[in-house]
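A look at the structure
Listed below, chain by chain, are the residues.
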Amino acid sequence: MDKIMIANLPTKIEKVHFFSKDFDKSVFIKRDDQTGMATSGNKLRKLEYLLNDAQNKKCDYLITNGGIQSNHARATAVMAAKYKMNSLLILKEDKKGKTEGNLFFNKLVGSKIKMLDEQQYQNLPSIIKDLKEELIDSGHNPYVIPMGGSNGMGALGYLDAYYEILNQEEQLGIEFDTIVVTNGSGGTYAGLFYGNKESKRNKTIIGMSVLNQREQAARDIVHILEDMNQYRDSHFRFSATEINIIDRYIGLGYGKSQMNELKFIEKFAQEEGIILDPVYTGKSMYGLYHELKNGNLQESQNILFIHTGGIFGWTDEKMNMLFDSM
Ligand SMILES: *Cc1c(COP(=O)(O)O)cnc(C)c1O
(Lines give C-alpha, C1' and ligand atoms only; values in the text may rest on other atoms or scores of the structure.)
Protein backbone atom coordinates (compact mmCIF):
# COMPACT_ATOMS: atom_id res chain seq x y z
CA MET A 1 0.00 0.00 0.00
CA ASP A 2 1.18 3.48 -0.87
CA LYS A 3 0.78 6.50 1.34
CA ILE A 4 1.38 10.18 1.11
CA MET A 5 4.31 11.22 3.25
CA ILE A 6 3.58 14.32 5.25
CA ALA A 7 4.15 13.45 8.91
CA ASN A 8 7.43 14.43 10.58
CA LEU A 9 8.94 10.97 10.92
CA PRO A 10 10.52 9.25 12.65
CA THR A 11 9.15 10.84 15.82
CA LYS A 12 11.63 11.14 18.65
CA ILE A 13 11.91 8.77 21.56
CA GLU A 14 12.84 10.39 24.87
CA LYS A 15 13.47 9.09 28.37
CA VAL A 16 10.79 10.01 30.91
CA HIS A 17 12.53 10.88 34.18
CA PHE A 18 9.25 11.28 36.03
CA PHE A 19 9.11 7.54 36.67
CA SER A 20 12.74 6.87 37.56
CA LYS A 21 12.56 8.29 41.06
CA ASP A 22 9.53 6.22 42.08
CA PHE A 23 10.02 2.97 40.21
CA ASP A 24 12.86 0.74 39.20
CA LYS A 25 11.65 0.84 35.58
CA SER A 26 12.73 2.68 32.46
CA VAL A 27 9.93 4.57 30.76
CA PHE A 28 10.35 6.25 27.39
CA ILE A 29 7.96 8.36 25.38
CA LYS A 30 7.55 8.40 21.61
CA ARG A 31 6.57 11.87 20.51
CA ASP A 32 3.77 11.24 18.05
CA ASP A 33 2.34 14.49 19.37
CA GLN A 34 4.98 15.98 17.06
CA THR A 35 3.91 14.38 13.77
CA GLY A 36 2.81 17.85 12.71
CA MET A 37 1.44 21.10 14.06
CA ALA A 38 -2.18 21.65 12.98
CA THR A 39 -2.12 18.02 11.89
CA SER A 40 -0.45 16.78 15.07
CA GLY A 41 -1.09 13.47 16.79
CA ASN A 42 -1.66 9.85 15.89
CA LYS A 43 -4.39 10.44 13.33
CA LEU A 44 -1.92 11.79 10.80
CA ARG A 45 -0.23 8.41 10.39
CA LYS A 46 -3.58 6.86 9.49
CA LEU A 47 -4.54 9.72 7.21
CA GLU A 48 -1.37 9.26 5.19
CA TYR A 49 -2.89 6.02 3.91
CA LEU A 50 -6.52 7.09 3.78
CA LEU A 51 -5.85 10.33 1.89
CA ASN A 52 -3.68 8.51 -0.58
CA ASP A 53 -6.54 6.10 -1.24
CA ALA A 54 -9.00 9.00 -1.60
CA GLN A 55 -6.70 10.67 -4.11
CA ASN A 56 -6.22 7.47 -6.10
CA LYS A 57 -10.00 7.25 -6.33
CA LYS A 58 -10.15 10.88 -7.50
CA CYS A 59 -12.29 11.88 -4.54
CA ASP A 60 -12.75 15.58 -3.82
CA TYR A 61 -14.61 15.44 -0.50
CA LEU A 62 -13.62 13.80 2.78
CA ILE A 63 -16.45 12.86 5.12
CA THR A 64 -15.76 11.78 8.68
CA ASN A 65 -17.35 11.89 12.12
CA GLY A 66 -16.51 12.10 15.81
CA GLY A 67 -17.04 14.04 19.02
CA ILE A 68 -17.20 17.82 18.94
CA GLN A 69 -13.52 18.00 19.96
CA SER A 70 -12.38 15.09 17.78
CA ASN A 71 -8.65 15.27 17.04
CA HIS A 72 -9.25 12.99 14.08
CA ALA A 73 -11.86 15.32 12.57
CA ARG A 74 -9.49 18.26 12.94
CA ALA A 75 -6.54 16.45 11.35
CA THR A 76 -8.84 15.37 8.50
CA ALA A 77 -10.08 18.94 7.98
CA VAL A 78 -6.56 20.36 7.88
CA MET A 79 -5.35 17.64 5.51
CA ALA A 80 -8.33 18.25 3.21
CA ALA A 81 -7.41 21.93 3.01
CA LYS A 82 -3.81 21.07 2.33
CA TYR A 83 -4.70 18.73 -0.53
CA LYS A 84 -7.35 21.03 -2.03
CA MET A 85 -10.24 18.84 -1.07
CA ASN A 86 -13.44 19.68 0.74
CA SER A 87 -14.32 18.16 4.07
CA LEU A 88 -17.58 17.45 5.82
CA LEU A 89 -17.38 16.71 9.54
CA ILE A 90 -20.31 15.12 11.31
CA LEU A 91 -19.85 15.97 14.96
CA LYS A 92 -21.68 15.11 18.13
CA GLU A 93 -22.94 18.37 19.54
CA ASP A 94 -22.57 19.35 23.17
CA LYS A 95 -24.62 22.06 24.83
CA LYS A 96 -21.72 24.40 25.46
CA GLY A 97 -20.62 24.09 21.84
CA LYS A 98 -17.96 26.79 22.05
CA THR A 99 -15.85 27.49 19.00
CA GLU A 100 -12.53 26.55 20.56
CA GLY A 101 -9.83 23.91 20.33
CA ASN A 102 -10.25 21.45 17.49
CA LEU A 103 -13.61 22.89 16.46
CA PHE A 104 -12.03 26.30 15.92
CA PHE A 105 -9.39 24.84 13.59
CA ASN A 106 -12.04 22.94 11.65
CA LYS A 107 -13.77 26.23 10.95
CA LEU A 108 -10.54 28.05 10.23
CA VAL A 109 -9.64 25.67 7.40
CA GLY A 110 -13.12 25.93 5.92
CA SER A 111 -14.54 22.56 6.80
CA LYS A 112 -18.28 22.03 6.48
CA ILE A 113 -19.69 20.98 9.83
CA LYS A 114 -22.86 19.07 10.52
CA MET A 115 -23.80 18.94 14.20
CA LEU A 116 -25.92 16.08 15.46
CA ASP A 117 -27.48 15.85 18.87
CA GLU A 118 -27.14 12.72 20.99
CA GLN A 119 -30.30 11.19 19.55
CA GLN A 120 -29.55 11.94 15.91
CA TYR A 121 -26.06 10.55 16.43
CA GLN A 122 -27.64 7.13 17.05
CA ASN A 123 -28.59 7.07 13.36
CA LEU A 124 -25.11 7.93 12.21
CA PRO A 125 -24.75 5.30 9.44
CA SER A 126 -27.94 6.36 7.67
CA ILE A 127 -27.13 10.07 8.09
CA ILE A 128 -23.69 9.55 6.55
CA LYS A 129 -25.26 7.62 3.69
CA ASP A 130 -27.75 10.44 3.00
CA LEU A 131 -25.12 13.18 3.16
CA LYS A 132 -22.88 11.17 0.87
CA GLU A 133 -25.67 10.77 -1.67
CA GLU A 134 -26.45 14.48 -1.52
CA LEU A 135 -22.84 15.23 -2.36
CA ILE A 136 -22.83 12.76 -5.23
CA ASP A 137 -26.03 14.33 -6.60
CA SER A 138 -24.36 17.72 -6.58
CA GLY A 139 -21.43 16.39 -8.64
CA HIS A 140 -18.91 15.51 -5.93
CA ASN A 141 -16.96 12.33 -5.35
CA PRO A 142 -16.91 11.82 -1.57
CA TYR A 143 -14.67 9.51 0.47
CA VAL A 144 -15.90 8.32 3.85
CA ILE A 145 -13.34 7.84 6.62
CA PRO A 146 -14.57 5.94 9.69
CA MET A 147 -14.36 7.40 13.19
CA GLY A 148 -10.76 7.83 14.26
CA GLY A 149 -9.56 6.68 10.83
CA SER A 150 -9.72 3.22 12.37
CA ASN A 151 -10.12 0.68 9.63
CA GLY A 152 -7.55 -1.79 8.33
CA MET A 153 -6.07 0.74 5.95
CA GLY A 154 -5.74 3.53 8.50
CA ALA A 155 -4.15 1.15 11.00
CA LEU A 156 -1.32 0.51 8.52
CA GLY A 157 0.01 3.85 9.73
CA TYR A 158 0.72 2.26 13.10
CA LEU A 159 2.06 -0.91 11.56
CA ASP A 160 4.67 1.39 10.03
CA ALA A 161 5.13 3.08 13.40
CA TYR A 162 5.86 -0.34 14.91
CA TYR A 163 8.68 -0.95 12.42
CA GLU A 164 9.88 2.60 13.01
CA ILE A 165 10.20 1.67 16.70
CA LEU A 166 12.20 -1.48 15.86
CA ASN A 167 14.65 0.67 13.89
CA GLN A 168 14.93 3.14 16.73
CA GLU A 169 15.60 0.33 19.18
CA GLU A 170 18.67 -0.56 17.16
CA GLN A 171 19.85 3.01 16.98
CA LEU A 172 19.30 3.61 20.70
CA GLY A 173 20.56 0.22 21.81
CA ILE A 174 17.41 -0.39 23.86
CA GLU A 175 14.79 -3.08 23.56
CA PHE A 176 11.32 -2.13 24.71
CA ASP A 177 9.52 -5.09 26.21
CA THR A 178 6.28 -3.17 26.55
CA ILE A 179 4.47 -0.56 24.49
CA VAL A 180 1.67 1.44 26.12
CA VAL A 181 -0.79 3.36 23.96
CA THR A 182 -4.05 5.16 24.61
CA ASN A 183 -6.99 3.30 23.14
CA GLY A 184 -10.09 4.91 21.67
CA SER A 185 -11.38 3.61 18.37
CA GLY A 186 -8.61 0.98 18.31
CA GLY A 187 -6.72 1.65 15.07
CA THR A 188 -3.53 2.74 16.77
CA TYR A 189 -3.43 -0.33 18.99
CA ALA A 190 -4.32 -2.60 16.06
CA GLY A 191 -1.44 -1.33 13.93
CA LEU A 192 1.09 -1.86 16.72
CA PHE A 193 -0.32 -5.26 17.58
CA TYR A 194 -0.23 -6.39 13.97
CA GLY A 195 3.41 -5.33 13.65
CA ASN A 196 4.26 -7.25 16.81
CA LYS A 197 2.61 -10.38 15.47
CA GLU A 198 4.08 -10.09 11.99
CA SER A 199 7.62 -9.49 13.25
CA LYS A 200 7.28 -12.18 15.97
CA ARG A 201 8.76 -9.85 18.56
CA ASN A 202 6.52 -10.75 21.44
CA LYS A 203 6.38 -7.35 23.04
CA THR A 204 3.54 -6.67 25.44
CA ILE A 205 1.20 -4.15 23.81
CA ILE A 206 -1.04 -2.46 26.35
CA GLY A 207 -4.01 -0.30 25.40
CA MET A 208 -5.19 2.15 28.07
CA SER A 209 -8.82 2.63 27.24
CA VAL A 210 -10.37 6.07 27.56
CA LEU A 211 -13.60 5.10 25.79
CA ASN A 212 -14.89 1.52 25.98
CA GLN A 213 -14.77 -1.33 28.46
CA ARG A 214 -12.25 -4.09 27.82
CA GLU A 215 -14.53 -6.52 25.98
CA GLN A 216 -15.87 -3.92 23.58
CA ALA A 217 -12.45 -2.40 22.96
CA ALA A 218 -10.94 -5.84 22.23
CA ARG A 219 -13.75 -6.70 19.82
CA ASP A 220 -13.24 -3.43 17.92
CA ILE A 221 -9.51 -4.08 17.69
CA VAL A 222 -9.91 -7.67 16.45
CA HIS A 223 -12.23 -6.38 13.74
CA ILE A 224 -9.60 -3.87 12.55
CA LEU A 225 -6.85 -6.52 12.73
CA GLU A 226 -8.84 -8.86 10.51
CA ASP A 227 -9.38 -6.03 8.06
CA MET A 228 -5.60 -5.46 7.93
CA ASN A 229 -4.83 -8.96 6.64
CA GLN A 230 -5.89 -8.04 3.09
CA TYR A 231 -3.16 -5.39 2.85
CA ARG A 232 -0.43 -7.73 4.08
CA ASP A 233 -1.41 -10.84 2.12
CA SER A 234 -1.67 -12.62 5.44
CA HIS A 235 -4.17 -14.87 7.11
CA PHE A 236 -3.43 -14.21 10.75
CA ARG A 237 -6.19 -15.15 13.11
CA PHE A 238 -6.87 -12.93 16.06
CA SER A 239 -8.73 -13.49 19.27
CA ALA A 240 -10.04 -10.93 21.73
CA THR A 241 -8.20 -12.77 24.51
CA GLU A 242 -4.83 -11.74 23.01
CA ILE A 243 -5.73 -8.07 23.25
CA ASN A 244 -4.37 -6.42 26.38
CA ILE A 245 -6.69 -3.57 27.37
CA ILE A 246 -6.73 -1.84 30.75
CA ASP A 247 -10.04 -0.07 31.35
CA ARG A 248 -9.53 1.08 34.93
CA TYR A 249 -8.68 4.67 34.01
CA ILE A 250 -11.66 5.75 31.93
CA GLY A 251 -12.69 7.73 35.00
CA LEU A 252 -15.95 9.63 34.59
CA GLY A 253 -16.20 8.63 30.94
CA TYR A 254 -14.93 9.69 27.57
CA GLY A 255 -13.97 13.36 27.49
CA LYS A 256 -14.82 13.90 31.16
CA SER A 257 -12.09 14.89 33.57
CA GLN A 258 -11.49 14.51 37.27
CA MET A 259 -9.32 16.76 39.37
CA ASN A 260 -6.79 14.01 40.21
CA GLU A 261 -6.19 13.42 36.49
CA LEU A 262 -5.69 17.10 35.75
CA LYS A 263 -3.39 17.51 38.76
CA PHE A 264 -1.33 14.59 37.48
CA ILE A 265 -1.04 16.24 34.07
CA GLU A 266 0.10 19.46 35.77
CA LYS A 267 2.75 17.65 37.80
CA PHE A 268 3.96 15.79 34.73
CA ALA A 269 4.16 19.03 32.74
CA GLN A 270 6.16 20.73 35.48
CA GLU A 271 8.61 17.88 35.91
CA GLU A 272 9.00 16.78 32.28
CA GLY A 273 8.16 19.78 30.11
CA ILE A 274 5.80 17.54 28.18
CA ILE A 275 2.15 18.45 27.78
CA LEU A 276 -0.38 15.65 27.97
CA ASP A 277 -4.02 16.16 27.02
CA PRO A 278 -7.03 15.76 29.31
CA VAL A 279 -9.05 13.39 27.09
CA TYR A 280 -6.50 10.77 26.02
CA THR A 281 -2.84 10.82 26.99
CA GLY A 282 -3.37 12.41 30.40
CA LYS A 283 -5.63 9.57 31.45
CA SER A 284 -3.39 6.87 30.05
CA MET A 285 -0.16 8.23 31.51
CA TYR A 286 -2.02 8.56 34.81
CA GLY A 287 -3.04 4.94 34.29
CA LEU A 288 0.49 3.78 33.59
CA TYR A 289 1.74 5.56 36.70
CA HIS A 290 -0.86 3.92 38.90
CA GLU A 291 -0.38 0.48 37.39
CA LEU A 292 3.30 0.70 38.34
CA LYS A 293 2.49 2.14 41.74
CA ASN A 294 0.11 -0.75 42.42
CA GLY A 295 2.81 -3.25 41.56
CA ASN A 296 1.27 -4.37 38.27
CA LEU A 297 3.24 -4.78 35.04
CA GLN A 298 5.88 -6.81 36.92
CA GLU A 299 7.26 -8.25 33.67
CA SER A 300 7.76 -4.85 32.09
CA GLN A 301 11.16 -3.24 32.48
CA ASN A 302 11.66 -1.03 29.42
CA ILE A 303 8.35 0.62 28.65
CA LEU A 304 7.60 2.80 25.64
CA PHE A 305 4.59 5.11 25.97
CA ILE A 306 3.26 6.53 22.71
CA HIS A 307 2.27 10.17 23.07
CA THR A 308 -0.61 10.28 20.62
CA GLY A 309 -1.16 14.07 20.79
CA GLY A 310 -4.41 15.83 21.64
CA ILE A 311 -3.18 19.23 22.77
CA PHE A 312 -6.20 21.04 21.31
CA GLY A 313 -8.38 19.14 23.76
CA TRP A 314 -7.43 21.77 26.33
CA THR A 315 -10.75 23.57 26.13
CA ASP A 316 -11.77 26.46 28.38
CA GLU A 317 -13.71 24.12 30.61
CA LYS A 318 -10.69 21.91 31.31
CA MET A 319 -8.33 24.82 31.84
CA ASN A 320 -10.71 26.52 34.24
CA MET A 321 -11.29 23.31 36.12
CA LEU A 322 -7.57 23.12 36.82
CA PHE A 323 -6.86 26.73 37.71
CA ASP A 324 -10.07 28.47 38.79
CA SER A 325 -11.03 25.99 41.42
CA MET A 326 -8.93 27.40 44.23
C1 LIG B 1 -7.74 9.31 18.66
C2 LIG B 1 -6.75 9.46 19.72
C3 LIG B 1 -6.28 8.35 20.46
C4 LIG B 1 -6.83 6.97 20.27
O5 LIG B 1 -6.46 6.39 19.05
P6 LIG B 1 -7.37 5.27 18.41
O7 LIG B 1 -6.65 4.83 17.21
O8 LIG B 1 -8.70 5.92 18.10
O9 LIG B 1 -7.56 4.19 19.41
C10 LIG B 1 -5.31 8.55 21.42
N11 LIG B 1 -4.84 9.78 21.67
C12 LIG B 1 -5.26 10.86 21.01
C13 LIG B 1 -4.69 12.18 21.38
C14 LIG B 1 -6.22 10.75 20.01
O15 LIG B 1 -6.65 11.84 19.36
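Conventions used here
- Residues numbered from 1 in each chain as written.
- Predicted model: local features only at pLDDT ≥ 70, side-chain atom pairs only at ≥ 80, totals over all residues.
- Heavy atoms only, no water.
- 1 Å grid on protein atoms, 1.4 Å probe; cavity = no way out; pocket = protein on both sides within 12 Å on 5 of 7 lines; lining within 4 Å.
- Points joined across faces, edges and corners; volume = space filled by probe spheres on them.
- Helix = DSSP H or I, 4+ residues; strand = E, 2+ residues; numbered from the N terminus.
- Domains from an automatic or database assignment.
- Pairing = 2+ DSSP bridges.
- Axes fitted to C-alpha atoms, helices over the stretch in contact; angles between N-to-C directions.
- Core = buried A, V, L, I, M, F, W, Y, C linked by side-chain atoms within 4.5 Å.
- Buried < 20%, exposed > 50% of the residue type's maximum accessible area, 1.4 Å probe, protein only.
- Contact = heavy atoms within 4.5 Å.
- Near = heavy atom within 4 Å.
- Polar contact = N/O pair within 3.5 Å; in protein donor to acceptor, adjacent residues only side chain to side chain.
- Areas by Shrake-Rupley, 256 points an atom, 1.4 Å probe, with all protein chains shown as cover.
- Nonpolar A, V, L, I, M, F, W, Y, C, P; charged D, E, K, R; others polar.
- UniProt positions renumbered as here; feature names shortened; annotations may be inferred.
- Phe/Tyr/Trp six-rings, centres within 6.5 Å; stacked < 30°, edge-to-face > 60°.
- Lys NZ or Arg CZ within 6 Å of the ring centre and 35° of its normal.
- Expected span 1.5 Å × (residues − 1).
- Salt bridge = Lys/Arg side-chain N within 4 Å of Asp/Glu carboxyl O.

As a volume, the second largest pocket reaches approximately 190 Å³. Together, N65, L124, I128, P146, M147, S150, S185, D220 and I224 line the second largest pocket. The set of elements that each furnish at least two residues to the lining of the second largest pocket consists of helix 5 (124-137) and helix 8 (214-232). In this structure, the lining of the second largest pocket is formed jointly by two domains, domain 1 (13-42 + 150-323) and domain 2 (43-148), each of which donates at least three residues.

On to the sheet that holds strand 9 (residues 244-246), then. Taken in spatial order, the six strands line up as 1-2-10-7-8-9 in an open sheet, and their pairing is mixed. Since the sheet does not close on itself, it has two edges, and those belong to strand 1 (13-15) and strand 9, each with one partner. Averaged over all neighbouring strand pairs, the angle between strand axes comes to 30 degrees, with direction disregarded. Looking at chain direction, strand 7 (residues 178-183) and strand 8 (residues 204-209) are connected through six bridges and run parallel. Bridge assignment links V180 to a residue of strand 8, and that residue is I206.

We now examine the nonpolar core. Counting 48 residues, the largest nonpolar core has L192, L225 and I243 as its most contacted members. Elements with a contribution of two residues or more to this core: helix 1 (43-56), helix 2 (71-82), helix 6 (152-172), strand 7, helix 7 (187-198), helix 8 and strand 10 (302-307). For this core, the element with the most residues is helix 6, which contributes nine residues. Structurally, this core is a two-domain feature, drawing no fewer than three residues from each of domain 1 (13-42 + 150-323) and domain 2 (43-148). The residues contacting L225, other than those within four sequence positions of it, are A190, F193, Y194, F238 and I243. Judged by nonpolar contacts, the second largest core, of 27 residues, contains F19, F264, F268 and L276.

A separate point is the site of the ligand. Taken together, 16 residues sit near the ligand, with K43, K46, S185, T188 and T308 positioned nearest. A distance of 2.8 Å is found between an oxygen atom of the ligand and a backbone nitrogen or oxygen belonging to G184. Measuring from an oxygen atom of the ligand, one finds a backbone N or O atom of G187 at 3.3 Å. When the free accessible area of the ligand is taken as 380 Å², the share hidden by the protein chains comes to 98%. At the level of secondary structure, the elements contributing two or more residues to the shell around the ligand comprise helix 1, strand 7 and helix 7. Here the residues of the shell around the ligand sort into one nonpolar, 13 polar and two charged. Taken domain by domain, the shell around the ligand gets at least three of its residues from each of domain 1 (13-42 + 150-323) and domain 2 (43-148).

Okay, the UniProt feature "domain: Tryptophan synthase beta chain-like PALP" (unreviewed entry) in the chain next. Mapped onto the present numbering, the UniProt feature "domain: Tryptophan synthase beta chain-like PALP" (unreviewed entry) falls on residues 8-309. Between the C-alpha atoms that bound residues 8-309 the distance is 13 Å, and the span itself is 43% helix and 17% strand.

The geometry of two aromatic rings is summed up by the distance between their centres and the angle between their planes. Summed over the entire model, instances satisfying the criterion amount to 21 aromatic pairs. An angle of 70 degrees between the planes, with centres 5.3 Å apart, marks the rings of F28 and F176 as edge-to-face. Of this pair, F28 sits in strand 2 (residues 26-31) while F176 sits in the loop between helix 6 and strand 7, placing them 148 residues apart in sequence. Grouped by ring-pair contacts, the aromatic residues F18, F19, F23, Y249, F264, F268, Y286 and Y289 constitute a single cluster. Between K43 and the ring centre of Y280, over which it is positioned, the NZ or CZ distance is 5.5 Å.

Once that is clear, we can look at helix 7. If you check helix 7, its first and last C-alpha atoms are 16 Å apart, about what 12 residues at 1.5 Å a residue would give, namely 16 Å. With 11 of 12 residues buried, helix 7 is to be regarded as a mostly interior element. For helix 7, the complete set of buried residues consists of G187, T188, Y189, A190, G191, L192, F193, Y194, G195, N196 and E198. Trailing helix 7 by a residue or two, K200 shows a phi angle of about 55 degrees, which is positive.

When charged atoms on two side chains of opposite charge get close, those side chains can pair. Counting across every chain of the model gives 18 salt bridges. The salt bridge involving R31 is made with E14; its shortest N-O contact spans 3.2 Å. Note that R31 is positioned in strand 2 and E14 in strand 1, a separation of 17 residues in sequence. Residue R31 is classed as buried on the basis of its relative accessible area of 8%. Note that E271 and K21 form a salt bridge whose closest N and O atoms lie 3.1 Å from each other. Separated by 250 residues along the polypeptide, E271 in helix 9 (residues 259-272) and K21 in the loop between strand 1 and strand 2 bring together distant segments of the chain.

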